[in-house]
Amino acid sequence: RELGWKAPVVPQSMYIFKQAKIGGEVTSHQDSTFLYTTPRQTCVGLWLALDDATVDNGCLWVRPGSHREKVRRQFIRNPEHFGETLDYKKGTGVDRSQPQMIFKQLEDDGSVGWEGKLPENLKDEGFIPVPCKAGDLLAFVGTLDHLSLPNKSSRARHTFQLHCVEGEKENVTWSKENWLQYPEGVPFMEL
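First things first, this report covers the structure right here in the doc. (Residues numbered from 1 in each chain as written. Predicted model: local features only at pLDDT ≥ 70, side-chain atom pairs only at ≥ 80, totals over all residues. Heavy atoms only, no water.)

Across the sheet, four strands lie side by side as 2-10-5-8; this open sheet has antiparallel pairing. Here the strands that pair on one side only, and so sit at the sheet edges, are strand 2 (26-29) and strand 8 (128-130). Strand-to-strand, the axes of this sheet are offset by a mean angle of 25°, without reference to chain direction. Pairing geometry for strand 5 (residues 60-62) and strand 10 (residues 146-148), over three bridges, is antiparallel. Within strand 10, the residue paired with Val62 across the bridge is His146. (Pairing = 2+ DSSP bridges. Helix = DSSP H or I, 4+ residues; strand = E, 2+ residues; numbered from the N terminus. Axes fitted to C-alpha atoms, helices over the stretch in contact; angles between N-to-C directions.)

A word on a nonpolar patch on the surface. Among the surface-exposed residues, Tyr15, Phe17, Leu50 and Phe160 lie close enough to one another that they form a single nonpolar patch of about 370 Å² accessible area. When you line up the elements, Phe17 lands in strand 1 (residues 8-18). The exposure class assigned to Phe17 is partly exposed, which follows from its relative accessible area of 40%. (Patch = residues over 30% accessible without salt bridge, like charges linked within 9 Å, V, L, I, M, F, W, Y side chains within 5 Å. Areas by Shrake-Rupley, 256 points an atom, 1.4 Å probe, with all protein chains shown as cover. Salt bridge = Lys/Arg side-chain N within 4 Å of Asp/Glu carboxyl O. Buried < 20%, exposed > 50% of the residue type's maximum accessible area, 1.4 Å probe, protein only.)

Remember, this is a structural readout, not a statement about activity or role.
Structural data, given as structure tokens:
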């Protein structure tokens, strides 16, 4: 509630383990791509460092100011695979040979040429590293462009993440197109 929500819910939690020397990259993205709400974007990521996060072991990189940008794309259930209802069990007119999930382009002014991958030069594109200590909590809105590089160090990097959105009690709707859907009648956990 300190972040301005009135009826927050938690659609997703994640535990990320970047193993020493082999932990992979997470390409540039906006969390609201995957956690889309209407009529406005309300996603906030809470990123808890369980280990020190350094440039060497894959700390977050963010692009300051990008939080004011619109969501560029949405990761959705493919209507060609699921049918018009987007329900795997009830779909009609389905083609199961089509991919289950796809990206739907929402905004593209040509200014972000690295969507879904790593920019060739992070600093030239405005990204900065955000190293932090174990126990630090980073909070950022779902429109912030962020990524992390591979862990090339000899130290693991663990994080726990919660993604929260404003709930339906505030007339905010979880998109029926979103890839992540709880079973019918099962609400998201309230905070």
